[in-house]
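The primary structure of each chain is shown beneath.
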Amino acid sequence: MSIFANPIQGVKIIAEFGVNHNNNFKLALKAVKEVAKAGADCIKFQSYRADTLVTKTAPKFWNWKGDADKTTQHDAYSAIQCNFNYKSPCYHTRFKDTKPYCRKRNAGCNGKGKHSMKCLASVNKTDECGSYEELMNECKKYKIEFLSTPFDEESLMNLMNIDGVMGMKAIKVSSSDLTNIPFLIKIGFYKVPVLLSTGASTMDEIKEALEAIGHKEVVLLHCTLCYPTKDIDSNLNLISTLKANFPDYEVGLSDHTIGILAPSLAVSMGAKVIEKHFTLNKKMDKSADHWLSVNPKELKELVKNVRKAESMMGSSEKRIFDCEQETYKYDKRSIVANCDISAGEYLGDVKLICKRPGTGIKPKFIKDFANKKAKVFIPQDTIIQLDMME
């Protein structure tokens, strides 16, 4: 069963790797392993084509020196769009498909469904012949979930049919597509959990998006669409606002701040899903996400802190907890004799005082005993018991 099955149990942590693999399949495989080692629940990639994502003249909305030579979004996204196959390059050997998928024919593939061991070994080792199918299998191996955000209908269809039946067990929707109603309607057809980022949107737009998706297995991810997000712009109080306005939906955080504090704070406010950008090395080039992402060490610490915050949230029922039982008895107060009290003598206000421990009569009853007589001699500093009175 998917970790995103409804209802969500426990906070789910998504490492947003995006295209931080720089089109190097070995790095993508390594990232899967590192995310699993850190204890996160899921690794997420991004699937898009610059030509279907953005016009050729759309200006960039970010300022990163690493792609300063790219003057438009199209230029920047074209340079880093993922070139992995959806199916394994040697998919036709496994499923007896006669259509050649393998691009390494010079390594021994004749393109007719027959592959030498040299070809198969080459496919497993080369950087450019990787596939989402293999990444999904790697995720299964390390017992984490595979996701990739689709940015167009073709990517959506391919990602949801990687294994020939059903690929991803959930769909992550970028904030940029929250208002893409036709796309959201198609996403809703798959009837799987949806993670919907809500950056740079209005409440009305969120309502319209939920109506388009058409089912309740949606997690609304609070998000500030600034890279990076300044602390003052985090607006984590919106987690409570989303919970109040959309009580039928789970709420989470897609975090773009620097550091690992925000996710733990979000959990304390009720976030059930945390998404955080992840990289293997902040100093890598090509992608503008590297420098603002967490590295493996930071991701591990983030997971640790989130789990601790989750544990600290505990119960919302006010009661005497098991760990407080002894404290409850010996830290509270009881009615105590403030002086020696002879048998037959009225207790009176001045003869009673309230002290620890709380193993006797509660202080709130002190007025009830002021006019009662002692049945026995009660030494000073004795905890008053009911059988001591007439």
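Scroll up a little and you will see the structure.
Residues numbered from 1 in each chain as written. Predicted model: local features only at pLDDT ≥ 70, side-chain atom pairs only at ≥ 80, totals over all residues. Heavy atoms only, no water.

S.K.: Could you give an account of the overall build of the protein chain, naming the residues involved and the relevant values?
M.R.: For the protein chain, the helix and strand inventory stands at 13 helices and ten strands. By the burial criterion, 48% of the 390 residues in the protein chain qualify as buried. Here the analysis covers contacts within the protein chain between residues at least 6 apart in sequence; of these, 63% occur between residues at least 24 apart. Accessible surface for the protein chain amounts to roughly 20,100 Å². Of this, 52% is attributable to carbon and sulfur atoms. (Helix = DSSP H or I, 4+ residues; strand = E, 2+ residues; numbered from the N terminus. Buried < 20%, exposed > 50% of the residue type's maximum accessible area, 1.4 Å probe, protein only. Contact = heavy atoms within 4.5 Å. Areas by Shrake-Rupley, 256 points an atom, 1.4 Å probe, with all protein chains shown as cover.)

S.K.: Can you explain the nonpolar core? Please cite residues and give values.
M.R.: Counting 83 residues, the largest nonpolar core has Ile43, Phe45, Tyr132, Leu135, Phe146, Leu196 and Phe278 as its most contacted members. With six residues, the top contributor of residues to this core is helix α1 (residues 25-38). Apart from the residues lying within four places of it in its own chain, the contact partners of Tyr132 are Phe45, Gln46, Ser47, Cys82, Phe84, Asn85, Tyr86, Phe146, Ser148, Leu159 and Ile162. Residues Ile335, Ile341, Ile384 and Met389 belong to the second largest nonpolar core, which totals twelve residues. (Core = buried A, V, L, I, M, F, W, Y, C linked by side-chain atoms within 4.5 Å.)

S.K.: Outline a nonpolar patch on the surface, supporting the account with residue identities and numerical values.
M.R.: On the surface, a nonpolar cluster with roughly 280 Å² of combined accessible area is contributed by Phe61, Leu225 and Tyr227. Tracing the backbone shows Leu225 in the loop between β6 (218-223) and α10 (237-245). Of the residues examined, Leu225 reaches a relative accessible area of 32% and is grouped as partly exposed. (Patch = residues over 30% accessible without salt bridge, like charges linked within 9 Å, V, L, I, M, F, W, Y side chains within 5 Å. Salt bridge = Lys/Arg side-chain N within 4 Å of Asp/Glu carboxyl O.)

S.K.: Tell me about the environment of Asp75, residues and numbers included.
M.R.: With respect to the helices, strands and loops of the structure, Asp75 is situated in helix α3 (residues 73-80). Classification of Asp75 as partly exposed rests on a relative accessible area of 32%. Sequence spacing of Asp75 and Thr55 is 20 residues, and the spatial spacing of their C-alpha atoms is 10.0 Å.

S.K.: Lay out the pattern of salt bridges in plain terms, naming residues and giving numbers.
M.R.: Pairing between side chains of opposite charge can happen when their charged atoms approach one another. Overall, the coordinates contain 17 salt bridges when judged by the stated rule. In this structure, Glu275 and Lys172 form a salt bridge, with 2.9 Å as the shortest nitrogen-oxygen distance. Of this pair, Glu275 sits in strand β8 (residues 273-277) while Lys172 sits in strand β4 (residues 171-173), placing them 103 residues apart in sequence. Of the two residues examined, Glu275 and Lys172, each falls in the buried class. A salt bridge links Arg356 to Asp331; its shortest N-O distance comes to 3.1 Å. Remark: Asp331 occurs in helix α13 (residues 325-331) and Arg356 occurs in the segment after β10 (352-355); sequence separation between them is 25 residues. Note on Asp331: relative accessible area 32%, which makes it partly exposed.

S.K.: Before we move on, can you summarise the side chain of Asp177 with the specific residues and values?
M.R.: Counting through the fold element by element, Asp177 comes out in the loop between β4 and α8 (181-189). Buried and unpaired, Asp177 has Lys172 as its nearest opposite-charge partner, separated by 10.0 Å. In contact with Asp177, other than residues within four places in its own chain, are Pro150, Phe151, Phe183 and Leu184. (Lys, Arg positive; Asp, Glu negative; His and termini not counted.)

S.K.: Break down the packing of aromatic side chains for me, citing the residues and quoting the values.
M.R.: Applying the stated criterion to the full structure yields nine aromatic pairs. Taking the centre distance of 6.0 Å and the plane angle of 90 degrees together, the rings of Phe17 and Phe45 count as edge-to-face. With Phe17 in strand β1 (residues 12-18) and Phe45 in strand β2 (residues 42-47), this residue pair connects regions lying 28 residues apart in the sequence. Accessibility assignment for this pair places Phe17 and Phe45 in one class, buried. Members of the aromatic cluster, joined through ring pairs, are Phe17, Phe25, Phe45, Phe84, Tyr86, Tyr132, Phe146 and Phe278. (Phe/Tyr/Trp six-rings, centres within 6.5 Å; stacked < 30°, edge-to-face > 60°.)

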